[in-house]
Amino acid sequence: MTAVNHTWRYWWSWITGGTRMVVTELRTDNLAPEDRFSCWFEVASQTHIPSWVRIDGGVDFQASVRVLNLGEAQVSTLTHPALWSERTAKLVRQCDPESYQLHLIVRGGGTLAQGGREAVFDAGQFILVDSSHPYLGRRSAQDGRSETVVIQFPRASLGLRSSTVGRLATVPFSARGGIGAVLAGHLFELMRNAEDYTEADTTALGGITLDLIAAGCAHQLDATACLSPEARQRALLAQVHRFIRDRLGDPALTADLIAAAHQISTRHLYKLFQDHGMTVAAWIRRCRLEQCRRDLADPALGSRPIQTIATRWGFIDGAHFSKVFRAAYDTSPRDYRHLTRHDDAVRKLTRTAQETPTTS
């Protein structure tokens, strides 16, 4: 067998006091090649379950790590070349945070061996890892890159027995349908808007994330009855929100349609929203307006007629759209588009002036 040089690193995570940043991020593409792995490792090692990591020698270590702190839960996006990770029995004895990691495989695939079980997983799947047992994992890359969204959280935070959830460890399950797709969409949305959150937002977001994880695990284990009524309701509401967002362009989207799709009564649906201070119709309207606002501010859509944008998101009547848009944003759709174009032009001029060298 050909000898291959390897680099081994020790991932060690300590829980520290004090205020933590909501988002931590590092990309290695602007670092010297010899510093890339060590810098990426230093940031990644602050948040993940302690393990050894091995990469093939000579690899151009193009990688990134982005961490969103949600209190009890932590969501990370990691990209890197192919690698091995191993958590030995000695590491478990030295430090066990009694946590789970739920990995959403976005790009690439891999294998995982833990607790006498072995699994092969691929993009579009979740896989659960338990910090209290040794494991050996391999992440393969697609076109030189592996990408994973990792949620790390205390075992006790799901409201389910550890012995119940533990049955799911190393058992891949789909992120492409049902509650798995809702959870995956929620995680992508979290990371897409991570910089917008304040520390005050994180408690609510962390709670929603844990509820969805609990619902996803319970569904896979046929243990939904073990969830608290509150957790079931919050998970149901998140599924309804995702259903609505996926169908905003349908002008026939109604409370009856939404309720039927989730096998609940329309009255139950109304109460679900009322308990959170909003009607179904108001939520649909707010989501549609937000999508219209984003499209109107997008320079790439600057030549698209306003009514075309409104129709795309379910507003058939142009006059009605203008009225509700003005009520929500205190300006007309046309003036809003003009204002965002002006602001974008000012930002470009400012950036150009800052980048232009001066001579004396």
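Caption draft 1: Focus on the overall build of the protein. Counting its secondary structure elements, the protein contains 12 helices and 13 strands. Within the protein, contacts between residues at least 6 apart in sequence are counted, and of these 72% link residues at least 24 apart.

Caption draft 2: Expanded view of the packing of aromatic side chains. Here the structure, examined in full by the defined rule, presents 11 aromatic pairs. Each ring, one from phenylalanine 325 and one from tyrosine 336, has its centre 5.7 Å from the other, and the planes form 70°; the classification is edge-to-face. Of this pair, phenylalanine 325 sits in helix α11 (residues 318–329) while tyrosine 336 is found in helix α12 (residues 333–355), placing the two residues 11 residues apart along the sequence. Note on accessibility: phenylalanine 325 and tyrosine 336 belong to one class, buried. An aromatic cluster is defined as three or more aromatic residues linked by ring pairs; in this entry it consists of Phe315, Phe321, Phe325, Tyr329 and Tyr336.

Caption draft 3: Structural context of the pattern of salt bridges. Tallied over the entire structure, the rule returns 13 salt bridges. The partner of arginine 234 in a salt bridge is aspartate 211, and the shortest N-O contact between them spans 2.2 Å. With arginine 234 in helix α6 (residues 229–245) and aspartate 211 in helix α5 (residues 199–220), the pair connects residues that are 23 residues apart, well separated along the chain. For arginine 234, a relative accessible area of 38% corresponds to the partly exposed category. Judged by relative accessible area, which is 10%, aspartate 211 ranks as buried. Glutamate 290 is paired through a salt bridge with arginine 294; the nearest N and O atoms lie 3.3 Å apart. Of this pair, glutamate 290 and arginine 294 both sit in helix α9 (residues 280–296), four residues apart, which is roughly one turn of that helix.

Caption draft 4: Focus on the packing of helix α4 (residues 178–192) against α5. For the pair α4 and α5, interaxial distance at closest approach is 9 Å and the crossing angle is 155°. By the criterion of interaxial angle, the relationship of α4 to α5 is roughly antiparallel. In this structure, the crossing between α4 and α5 has a hand that is left-handed. Here α4 contributes Ile179, Val182, Leu183, His186, Leu187 and Leu190 to the contact with α5, which in turn contributes Leu205, Ile208, Thr209, Leu212, Ile213, Ala215, Gly216 and His219. Within the contact of α4 with α5, the residues separate by chemical class into 10 nonpolar, four polar and no charged.

Caption draft 5: Just the sheet that holds strand β4 (residues 64–70), in detail. Taken in spatial order, the seven strands make up an open sheet running β2-β4-β5-β12-β7-β10-β13, and their pairing is antiparallel. Pairing within the sheet leaves two strands with one partner each, and these edge strands are β2 (23–27) and β13 (173–174). The pairing of strand β7 (residues 99–107) with strand β10 (residues 125–130) spans six bridges and is classified as antiparallel. Paired with leucine 104 across the two strands is phenylalanine 126, which belongs to β10. Against the sheet, α5 touches β4, β5 (73–80), β7, β12 (146–154) and β13, its axis set at about 100° to β4.

Caption draft 6: A look at α6. With 17 residues, α6 should reach 24 Å at 1.5 Å per residue; the first-to-last C-alpha distance of 24 Å fits that figure. Here α6 has its buried residues at Ala231, Ala235, Leu236, Leu237, Ala238, Val240, His241, Phe243 and Ile244. Looking at the packing, one finds that the buried side of α6 touches α4, α5, α7 (255–261), α8 (266–274) and α9.

Caption draft 7: Quick look at the packing of α6 against α9. Interhelical geometry of α6 versus α9 gives an angle of 50° and a closest axis separation of 10 Å. Viewed along their axes, α6 and α9 adopt a mutual orientation that is oblique. Of the two possible hands of crossing, α6 and α9 adopt the one that is right-handed. Across the interface between the two elements, His241, Ile244 and Arg245 from α6 touch Trp283, Ile284 and Cys287 from α9.

Caption draft 8: Molecular detail of the confidence of the model for the protein. Per-residue confidence for the protein averages 85 on the pLDDT scale, and 89% of its residues sit at or above 70. This stretch, residues 348–360, has a pLDDT under 50; its non-local contacts, to residues over four places away or in other chains, come to zero contacts.

Caption draft 9: Expanded view of the environment of alanine 319. Assignment of secondary structure puts alanine 319 in helix α11. On the accessibility criterion, alanine 319 (60% relative accessible area) is exposed. C-alpha of alanine 319 to C-alpha of glutamine 307: the two residues are 12 residues apart in sequence and 9.6 Å apart in space.

Conventions we followed
- Every chain is numbered on its own, with residues counted from 1 as its sequence reads.
- In keeping with the predicted nature of the model, local features appear solely for residues at pLDDT of at least 70, side-chain atom pairs appear and are counted solely at 80 or more, and the whole-chain, interface and lining totals rest on all residues.
- Side-chain descriptors were evaluated using all non-hydrogen atoms of the structure, hydrogens and water having been removed beforehand.
- Each helix corresponds to a stretch of at least 4 residues labelled H or I by DSSP, and each strand to a stretch of at least 2 residues labelled E; elements are numbered beginning at the N terminus.
- Contacts are residue-level and defined by heavy atoms, with any inter-residue pair within 4.5 Å sufficient.
- Any Phe, Tyr or Trp ring, taking Trp's six-membered ring, that has another such ring centre within 6.5 Å forms a pair; planes under 30 degrees apart are called stacked, those over 60 apart edge-to-face, and the others tilted.
- Partly exposed describes any residue whose relative accessible area lies between the buried limit of under 20% and the exposed limit of over 50%, with all areas from a 1.4 Å probe on protein chains only and scaled to the type maximum.
- Whenever Lys or Arg places a side-chain nitrogen within 4 Å of a carboxyl oxygen from Asp or Glu, that contact is recorded as a salt bridge.
- Between N-to-C directions, angles cover 0 to 180 degrees, with each direction set by a line fitted to C-alpha atoms, over the stretch in contact for helices.
- Roughly parallel refers to an angle under 35 degrees, roughly antiparallel to one over 145, roughly perpendicular to one between 65 and 115, and oblique to any angle outside these ranges.
- By the definition used in this description, the sense in which the near helix is turned from the far one sets the handedness, with an anticlockwise turn below a right angle giving left-handed and a clockwise turn giving right-handed.
- Basically, the charged four are Asp, Glu, Lys and Arg, the nonpolar ten are Ala, Val, Leu, Ile, Met, Phe, Trp, Tyr, Cys and Pro, and anything else, Gly included, counts as polar.
- Any two strands between which DSSP finds at least two bridges are classified as paired.
- Helix span is expected to be 1.5 Å times the residue number reduced by one.
- Confidence of the predictor at the level of single residues is given by pLDDT, which spans 0 to 100.

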